[in-house]
Amino acid sequence: QVQLVESGGGLVHSGGSLRLSCVASGSIFRVRTMAWYRQVPGKQRELVAHIARGDSTNYADSVKGRFTISRDNAKNTVYLQMNSLKPEDTAVYYCKVDYTDSGLRYLEVWGQGTLVTVSS
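Figured I'd write up the structure that's included with this text.

Definitions and limits used
Residues numbered from 1 in each chain as written. Predicted model: local features only at pLDDT ≥ 70, side-chain atom pairs only at ≥ 80, totals over all residues. Heavy atoms only, no water. Disulfide = S-S within 2.5 Å. Helix = DSSP H or I, 4+ residues; strand = E, 2+ residues; numbered from the N terminus. Core = buried A, V, L, I, M, F, W, Y, C linked by side-chain atoms within 4.5 Å. Buried < 20%, exposed > 50% of the residue type's maximum accessible area, 1.4 Å probe, protein only.

1. Some words on the state of the cysteines
Think of a disulfide as a covalent bridge from one cysteine sulfur atom to another cysteine sulfur atom.
In step 1: This structure, assessed with the given rule, holds one disulfide.
In step 2: Cys22 shares a disulfide with Cys95; S-S distance 2.2 Å. Where Cys22 bonds to Cys95 through sulfur, the torsion about that S-S bond is close to -80°, and the disulfide is left-handed. Here Cys22 is found in strand β3 (residues 18-26), whereas its partner Cys95 is found in strand β9 (residues 91-100), with 73 residues between them in sequence.

Okay, structure coming up:
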């Protein structure tokens with residue numbers, strides 16, 4: 001069984017910064033793509049950023065130039081550095097990891113979510 005533990009959410013003023021972390025543990029043969037999503041109540045969950053194992057990245061237009069996703073393969077950890085935060089960034093942020101297990105099955109797992117609140 002694979003689990004994700006997220007941390008780093010909280011309350012910050014507009015223009016401030018936060019860094020989210022997500023650690024994957026359990027029966028993982030290889031971590032593949034790692035990603036951050038966010039969701040506001042009443043709206044669909046949206047992709048914020050993802051990073052492939054080879055470190056290629058992709059960002060939502062709304063966060064380009066402000067957020068940076070990175071990963072540490074040795075620690076099975078993905079980070080999201082969020083700068084110049086805006087009130088519209090307020091959401092629950094979820095980590096998602098695609099991985100291969102010991103049976104070489106392609107699987108995915110979601111974190112429990114961490115709340116980011118940006119005050120104006």
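2. Some remarks on the nonpolar core
In step 1: Counting 31 residues, the largest nonpolar core has Trp36, Leu80, Met82 and Tyr93 as the members making the most contacts within it.
In step 2: When residues of this core are traced back to their parent elements, those giving at least two are β1 (2-7), β3, β4 (30-39), β5 (46-51), β7 (67-72), β8 (77-82), β9 and β11 (114-119).
In step 3: Considering every element that reaches this core, the biggest residue donor is β9, with five residues.

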